[in-house]
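# Remarks on the overall topology
Chain residues, written in single-letter form:
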Amino acid sequence: MAEASRWHRGGAPKPKLHYRKEVEIRTTLQELSLYFIFLINLCILTFGMVNPHMYYLNKVMSSLFLDTSVPGDERTNFKSIRSITDFWKFMEGPLLEGLYWDAWYTNKTLYNLKNSSRIYYENILLGVPRVRQLKVRNNTCKVYSSFQSLMSECYDKYTSSNEDTSDFGLKQETEWKYSTPNSSSPWHWGFVGVYRNGGFIFTLSKSKSDTKNKFINLRLNSWITRGTRVIFIDFSLYNANVNLFCIIRLVAEFPATGGMITSWQFYSVKLLRYVSHYDYIIASCEITFCIFLIVFTTQEAQKIREFKSAYFKSVWNWLELLLLVLCFVAVSFNIYCNIQIFLLLEDLLKNTEKYSDFYFLAYWYIYYNNIIAITIFFAWIKNMFLAIINDTYSEVKADYSIGRRPDFELGEMIKKSYNNALEKLRLKKPQKDGDDKGKGDLAEQARREGFDENEIQSAEQMKKWKERLEKKYYSSEIQDDYQLVTQQEFRELFLYAVELEKELHYVSLKLNRVMRRISALQ
């Protein structure tokens, strides 16, 4: 019986084909499932860092410091100031009033200002704000000879080589003395120049009146000069209600053309990561992400060891390496950011009279978000084309196509299902069986071409046997390469083979007669 089963399948069995197909399908599905879980985990991490309160915190703070008008001049605010006079009005007006909140709207004192100012009663001012300016030296450009009698001074645009580092003015406090730049702080890209850290720096006081007196003193002693090219106002806030830091930078650029150009940056970021229960869920996702990263790195290392230089000839392998590099950069920065936050907060709690530089953390945090966005983009690109670029999956598709019936067409099946649905809904008249019509047409055509009735009946009988056997044995649902057959099934198969042999013998005889006739005509 086993021999008959092998014989009716057309030759020697292929047990390894079915086993290999099952293994490859299972392996491919496991890879796809694993990578899909990785994508879901990455999406949770990405969107878990986004908080709708970020937008509202930025909006509230920008409205306070950018849109608040100078007293007595409703048209002048930080966005619209264009002269040094307007700048000092802003410093002594909207900025001063916006930074110092020490009483409720009923003028009742809420807390001691030694603690810190609470902007809008909810946002703690971290440390004290810092004001910094950068200047250029005189004679950094050349005046045309015909105009030297009218103008002897010339101040070029800001560059690091043109920067003025000499003390000026009263030369007593830090605001009149140059401070060297910190190499770890990022440069600022403005509208008319790229500015480095350092310069002439001073911090504001905890007292509102002391700060106002400092502004007046600086204005009267011409702290802003013709060589001034940019002024930065930096401060940071923390809102415990939504666990968000808001790092603010207001920038006033003084181009060589004269006038003033203002710009601003508001960064609302979540630097304290593990506070609520939801944050710990995100932490578990971060651990899972690291596990995935180790697994994927091991897999790629094995591929490189196996294929050696051939590995680097595939674009998709380079995409894999790019994803791994981006993931490692994201993990490294996350660890670095948490360490720096811990150190900064510890230093801030020791000395609240000092400026806390959260700007560089916010700056790199934005780049971290960009890295995550690029990572998730390429990760989804890989996911969409994984089935195409995966060689194993291609082999599985090829093996599966071998096991399909040759007359199976997906389009025909969809069309037939569509027509049946229309007929059941009485939207289309039922049609006669196309197979019966086709059979009749074939029989009539055979009679017209001179075939006798015995040949026609024999052919129809053979076709019926073929269809019955295909329906019984040629099924995609067969799970084994070996199946036992009964005596009756073996007899039917044997008769089918005998009839095929007769038909082939009959066809061979006819071909021989035709060939002899052709030879006789020649």
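By the naming in an unreviewed UniProt entry, the protein chain is Polycystin 2 like 2, transient receptor potential cation channel, taken from Panthera leo. Taken from UniProt, the Sequence similarities (unreviewed entry) comment for the protein chain reads in full: "Belongs to the polycystin family." Under Subcellular location (unreviewed entry), UniProt gives the following word-for-word description of the protein chain: "Membrane".

### Focus on the confidence of the model for the protein chain
Atomic detail in the predicted coordinates should be set aside for any region of low pLDDT. In the predicted model, the protein chain carries a mean pLDDT of 78, and 75% of its residues have values of at least 70. At the level of individual helices and strands, the protein chain shows its lowest average pLDDT in helix α1 (residues 2-8), which scores 38, and its highest in strand β7 (residues 244-253), which scores 95. The low-confidence segment residues 476-482 (pLDDT under 50) makes 14 contacts with residues lying over four places distant or belonging to another chain.

### Topic: the pairing of strand β8 (residues 261-269)
With seven of nine residues buried, β8 lies mostly within the body of the structure. Two elements, β7 and β8, share nine bridges in a ladder whose sense is antiparallel. Counted as the bridge partner of I248 is F266 from β8.

### A look at the environment of A240
Its place among the elements puts A240 in the loop between β6 (228-239) and β7. With a relative accessible area of 51%, A240 lands in the exposed category. Separated by 116 residues in the primary sequence, A240 and I124 have C-alpha atoms spaced 8.3 Å apart.

### A closer look at the packing of helix α7 (residues 315-350) against helix α8 (residues 359-384)
Running from N to C, α7 and α8 cross one another at 155 degrees; their axes reach a closest spacing of 9 Å. As judged from the angle between their axes, α7 and α8 are roughly antiparallel. The chirality of how α7 crosses α8 is left-handed. Taken together, the residues that form the contact of α7 with α8 break down as 22 nonpolar, three polar and two charged.

### Some remarks on the state of the cysteines
Per the stated rule, a full pass over the model turns up one disulfide. Sulfur-sulfur distance for the disulfide between C141 and C154 comes to 1.6 Å. Looking down the S-S bond of the C141 and C154 bridge, the torsion is -115 degrees, so its handedness is left-handed. Placement of C141 in the loop between β2 (123-135) and β3 (188-189) and of C154 in the loop between β2 and β3 is noted, with a sequence separation of 13 residues between them. The thiol of C290 is unpaired, and the distance to the nearest cysteine sulfur, on C327, comes to 9.6 Å. By relative accessible area, which is 31% here, C290 ends up partly exposed.

### Focus: the pairing of β2
Burial within β2 is extensive, with 12 of its 13 residues counted as buried. The hairpin turn running from strand β1 (residues 118-119) into β2, its antiparallel successor, is three residues long, and Y120 in that turn takes a positive phi close to 55 degrees. In this structure, β2 lies alongside β6, joined through 10 bridges in antiparallel fashion. Note that in β6 the partner of V131 across the bridge is I233.

### Notes on the packing of helix α6 (residues 277-307) against α7
Packing of α6 against α7 brings their axes to within 11 Å, and their N-to-C directions diverge by 145 degrees. As α6 packs across α7, the resulting crossing turns out to be left-handed. Across from E286, F289, C290, L293, F296, T297, E300 and I304 in α6, the residues of α7 making contact are E320, L321, L324, C327, F328, V331 and N334.

### Some remarks on α6
An ideal rise of 1.5 Å per residue puts 45 Å on 31 residues; α6 measures up with 45 Å between its terminal C-alpha atoms. Within α6, burial applies to D279, I282, A283, C285, E286, F289, F292, L293, F296 and E300. A positive backbone phi angle near 55 degrees is found at K308, which sits one or two residues after α6.

### Let's talk about the UniProt feature "transmembrane region" (unreviewed entry) in the protein chain
This chain's UniProt record puts "transmembrane region" (unreviewed entry) on residues 32-51, 278-297, 318-342 and 362-381. Helix and strand shares over residues 32-51 are 85% and 0% respectively, and the end C-alpha atoms of the span are 31 Å apart. Spanning residues 318-342, this segment combines 100% helix with 0% strand, and its end C-alpha atoms are found 36 Å apart.

### Remarks on the nonpolar core
For soluble globular proteins, nonpolar side chains are generally found buried alongside one another. Residues F65, L95, W223 and L250 are the most contacted members of the largest nonpolar core, which totals 43 residues. Among the secondary structure elements, those contributing two or more residues to this core are α3 (53-66), α4 (84-99), β2, β5 (200-203), α5 (208-220), β6 and β7. Broken down by element, the residue count for this core peaks at seven residues, all from α4. The residues contacting F65, other than those within four sequence positions of it, are F78, F90, L95, G98, L99, I119, F235, I248 and L250.

### Description of the packing of aromatic side chains
Any two aromatic rings considered together are summarised by their centre-to-centre distance and by the angle between their planes. Scanning the entire structure with this criterion turns up 33 aromatic pairs. Between F87 and W88 the ring centres are 5.9 Å apart and the planes differ by 70 degrees, which places this aromatic pair in the edge-to-face class. For the pair formed by F87 and W88, the shared burial category is buried. Between Y195 and F232, the ring centres sit 6.1 Å apart and the planes meet at 75 degrees, which makes this aromatic pair edge-to-face. Of this pair, Y195 sits in strand β4 (residues 194-195) while F232 sits in strand β6; the two residues are 37 residues apart in sequence, bridging distant segments of the chain. Taken individually, Y195 and F232 each receive the classification buried, so the pair is uniform in this respect. Within the aromatic cluster, the residues linked to one another by ring pairs are Y35, F38, F289, F292 and F296. A cation over an aromatic ring shows up here: K135 above the ring of F168, its NZ or CZ 3.5 Å from the ring centre. Sitting over the ring of Y359, R249 keeps its end group 3.7 Å from the ring centre.

### Points about α5
The end-to-end C-alpha distance of α5 is 19 Å, a good match for the 18 Å that 13 residues give at a rise of 1.5 Å each. Those residues of α5 that are buried are in contact with α4 and β5.

Reading guide: rules and limits
- Residues numbered from 1 in each chain as written.
- Predicted model: local features only at pLDDT ≥ 70, side-chain atom pairs only at ≥ 80, totals over all residues.
- Heavy atoms only, no water.
- UniProt positions renumbered as here; feature names shortened; annotations may be inferred.
- pLDDT = per-residue confidence, 0-100.
- Helix = DSSP H or I, 4+ residues; strand = E, 2+ residues; numbered from the N terminus.
- Contact = heavy atoms within 4.5 Å.
- Buried < 20%, exposed > 50% of the residue type's maximum accessible area, 1.4 Å probe, protein only.
- Pairing = 2+ DSSP bridges.
- Axes fitted to C-alpha atoms, helices over the stretch in contact; angles between N-to-C directions.
- Parallel < 35°, antiparallel > 145°, perpendicular 65-115°, else oblique.
- Left-handed = near helix turned anticlockwise from the far one by under 90°.
- Nonpolar A, V, L, I, M, F, W, Y, C, P; charged D, E, K, R; others polar.
- Disulfide = S-S within 2.5 Å.
- Expected span 1.5 Å × (residues − 1).
- Core = buried A, V, L, I, M, F, W, Y, C linked by side-chain atoms within 4.5 Å.
- Phe/Tyr/Trp six-rings, centres within 6.5 Å; stacked < 30°, edge-to-face > 60°.
- Lys NZ or Arg CZ within 6 Å of the ring centre and 35° of its normal.

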